[in-house]
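One letter stands for each residue in the lines below.
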Amino acid sequence: MVVWLQFVICTLVIVYGGSRLSCYGDVIAEKTGMGRTWIGVVLMASATSLPELFTGISSVAIFNSPDIAAGDVLGSCMFNLLILAMLDVGRRVAPISTLAHQGQILTASFGVLLLGLTTISLLAGRSIPTMGWIGVYSLVIPIVYLGAMRLVFIYERRRIAEFLSEVKEEARYEHVSKFVAYRRFAFFALIIVIAASYLPYVAGQLATITGLGRTFVGSILVALSTSLPEIVVGRAALQMGAVDLAVGNVLGSNLFNLLILAIDDVFFLKGPLLSSVSATHAVTACAAMTMTAITMIALMYRSKKRVLLCSWDSIGVFLVYIVTVMLLYLKR
C-alpha cells in the first residue's frame, strides 16, 4: 500500500510540474518569438520528456534497472501517441489529424526511423558493435536527432508566411518578464527531475510486489506516469486552439525519448544498454512504430469521417495499444 502511495505521489508531482512547464513554455514562445510549432517540437518536447530522461538515468546509474529505463522510453513513445487519440475522442470539430499541418509528417518520419533503428538494435543484442561500453546505435541516434531538428527548422522557415499566420496573436504575458519565465521554467523542471529520479525505485518495488516484472511495469505503469505532462500540455494546447503545439509536442517528445536511450547507454557502464534488456521491448518498439505510421497516414489523408466519437486513426491507435498491453502481460 505504501509503495502504491509513493507511486501516486511521484505521479502527481510530475503532472503538476508538467502543467507549470507548459504555461511557462508558452510564455517563452511569446517572449522569444519562436512560435508554438517550434516550441512544441523542441522546447516543450524536451521539457515534458524530463521525467523519462531522469527516470532512465537513475534506473541505470543508481538502481541497476535497465529494463525499467528501456521500458519507460519505448512505453512512453507508445503512450504519447495514445494521448493524441484520447484528446481526439468526443471533439465536435474536425479530427486532430485534419487540423494539424502536414509538415508534422516530417517529425513522425524521423520517429519511425529511430524506432526502426532501436528495434534492430534490440533484436541484434550483443551482435551490435560497441565503442567502449556503449552500443554504436548510441552514436547514430544523436546524429539523426540533430538532423531531424535542423530539417524541421528549415521546413518551418520555408513556410514562414503560413507559420506566422498560425501563431500570430495578441501578447498575453506582458506581466511576466523573460527572466521570470526562464527561472520558473527551470524551477518546475527541477521538481520533475526529483520526482522522476525516485520513480525507478518505486517501480522496482511494484514489479516485485505485483509479480508483473520490470519490462511490463516499465513499459506500462512507469511510461504512463512519465507521459502525463504530455497529456497536460496537449489538453492545454487544444484549448488554446494550438493544434500544432499539441501534435508537435507528442511527435517531438518521441524523438527526444529515443535520444534518451543513447543518454542512458552512456550512464549504463556494464555494456550496451539494449544488449542488457529483454528482447520483449522490441514488441513495444514495433507497436510505437505502427502507431506512428497510422498517425502519418491520417495526417496525409486528412479524413473528416468519424466512427462514433473517434476518427478512424484514433481507433487504430487504441487497438494497437490494447493488443500490445495484452502481449506484454502474456510475456511478463
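Going by the structure above, here's the rest.
For every chain, the first residue of its written sequence is number 1, and the numbers climb from 1 along that sequence. At least 70 in pLDDT is required for a residue's local features to be given in this predicted model, at least 80 for side-chain atom pairs to be given and counted, and no such filter applies to totals for whole chains, interfaces and linings, which use all residues. Side-chain measures were taken over the full set of non-hydrogen atoms in the model, leaving aside hydrogen atoms and water.

Turning to the overall build of the protein, a few remarks are in order. If you tally the helices and strands in the protein, you get 14 helices and four strands. Burial status follows relative accessibility: with a 1.4 Å probe on protein chains alone, a residue under 20% of its type maximum counts as buried, one over 50% as exposed, and anything between as partly exposed. Buried residues in the protein amount to 58% of all 332 residues. Sequence separation of 24 or more characterises 85% of the internal contacts of the protein that already satisfy a separation of 6 or more. To qualify as a helix, a DSSP run of H or I must reach at least 4 residues; to qualify as a strand, a run of E must reach at least 2; elements of each kind are numbered from the N terminus. Two residues form a contact once any of their heavy atoms are found within 4.5 Å.

A positive phi angle, near 55°, is found at R302, a position not held by glycine. Mapped onto the elements of the fold, R302 is located in the loop between helix 13 (281–301) and strand 3 (306–307). For R302, a relative accessible area of 27% puts it in the partly exposed group.

Attention now moves to the nonpolar core. One recurring pattern in soluble globular proteins: nonpolar side chains tend to sit buried together. As used here, the term nonpolar core means buried Ala, Val, Leu, Ile, Met, Phe, Trp, Tyr and Cys residues forming a set that is joined through side-chain atoms within 4.5 Å. Counting residues in hydrophobic clusters, the biggest one holds 95 residues, and the most contacted among them are V217, L258 and M291. Looking at which element gives the most residues to this core, the answer is helix 4 (residues 66–88), with 14 residues. Apart from residues lying up to four places away in sequence, M291 is in contact with M78, L81, L82, V317, V320 and Y321.

So, on to helix 13. Over its 21 residues, helix 13 extends 30 Å from the first C-alpha to the last, a length consistent with the 30 Å expected when each residue adds 1.5 Å. Within two residues after helix 13, R302 carries a phi angle of roughly 55°, on the positive side. Expected span of a helix: the number of residues minus one, times 1.5 Å.

Position of A282 relative to the elements: it lies in helix 13. Residue A282 is classed as buried on the basis of its relative accessible area of 7%. Sequence separation between A282 and G71 is 211 residues; the distance between their C-alpha atoms is 9.9 Å. A282 has contacts with T119, L122 and L123, leaving out every residue within four places of it along the chain.

Moving on, we get to a nonpolar patch on the surface. By definition, no residue in a patch forms a salt bridge, and every one has over 30% relative accessible area; like charges are joined within 9 Å, nonpolar side chains (Val, Leu, Ile, Met, Phe, Trp, Tyr) within 5 Å. The Shrake-Rupley method, run with a 1.4 Å probe, gives the accessible areas here. Residue values count only the displayed protein chains as cover. The working definition used for a salt bridge is a side-chain nitrogen of Lys or Arg within 4 Å of a carboxyl oxygen of Asp or Glu. On the surface, a nonpolar cluster with roughly 410 Å² of combined accessible area is contributed by V89, V307, L308 and L309. Positionally, V89 belongs in the loop between helix 4 and helix 5 (96–99).

Any two of the Phe, Tyr and Trp rings considered here, Trp counted by its six-membered ring, make a pair once their centres fall within 6.5 Å; the pair's planes then place it as stacked at under 30 degrees, edge-to-face at over 60, or tilted in between. Taken as a whole and judged by the stated rule, the model has three aromatic pairs. Geometrically, the ring pair formed by F79 and Y321 is edge-to-face, given 6.1 Å between the ring centres and 65° between the ring planes. Here F79, found in helix 4, pairs with Y321, found in helix 14 (residues 312–330); they are 242 residues apart in sequence, far enough to count as distant. We classify F79 as buried; its relative accessible area is 5%. Residue Y321 is classed as buried on the basis of its relative accessible area of 11%. Consider the rings of F187 and F188, whose centres lie 5.2 Å apart with planes at 75°: the pair is edge-to-face. Here F187 falls in the partly exposed class, since its relative accessible area comes to 46%.

A separate point is the side chain of T98. Structurally, T98 is set in helix 5. Accessibility expressed as a relative area gives 10% for T98, which makes it buried. Distance and chemistry together define a polar contact, namely a pair of N or O atoms within 3.5 Å, with one atom able to donate a hydrogen and the other to accept it when in protein, and with adjacent residues in sequence counting only for side-chain atoms on both sides. At 3.0 Å, the side chain of T98 forms a polar contact with the backbone oxygen of S303. Beyond its immediate stretch of four places on either side in the chain, T98 contacts R302, S303 and K304.

What follows is about the packing of helix 4 against helix 11 (residues 228–239). What describes two packed helices is the angle between their axes and the distance between those same axes. Helix axes use the C-alpha atoms of the stretch in contact, all axes being lines fitted to C-alpha atoms, and the angles between their N-to-C directions lie in the range 0 to 180 degrees. Axis separation between helix 4 and helix 11 bottoms out at 10 Å; the angle between their running directions is 35°. Note on packing geometry: the crossing formed by helix 4 with helix 11 is right-handed. Side by side, helix 4 and helix 11 meet where F79, N80, I83, M86 and L87 of the first sit next to E230, I231, G234, R235 and L238 of the second. Any residue that is not Ala, Val, Leu, Ile, Met, Phe, Trp, Tyr, Cys, Pro, Asp, Glu, Lys or Arg is counted as polar, Gly included; the first ten are nonpolar and the last four charged. Of the residues assigned to the contact of helix 4 with helix 11, the class counts are six nonpolar, two polar and two charged. Two helices cross in a left-handed way if the nearer one is turned anticlockwise from the farther one by less than a right angle. They cross in a right-handed way if the turn is clockwise.

Two numbers describe how helix 13 lies on helix 14: the axes approach to 9 Å, and their chain directions differ by 175°. Relative to helix 14, the element helix 13 is oriented roughly antiparallel. Of the residues in helix 14, those touching helix 13 at V283, T284, A287, T290, M291, I294, T295, I297 and A298 are W312, D313, G316, V317, V320, Y321, T324, L327 and L328. Residues that form the contact of helix 13 with helix 14 fall into these classes: twelve nonpolar, five polar and one charged. Any angle between 65 and 115 degrees counts as roughly perpendicular, while under 35 counts as roughly parallel, over 145 as roughly antiparallel, and the rest as oblique.

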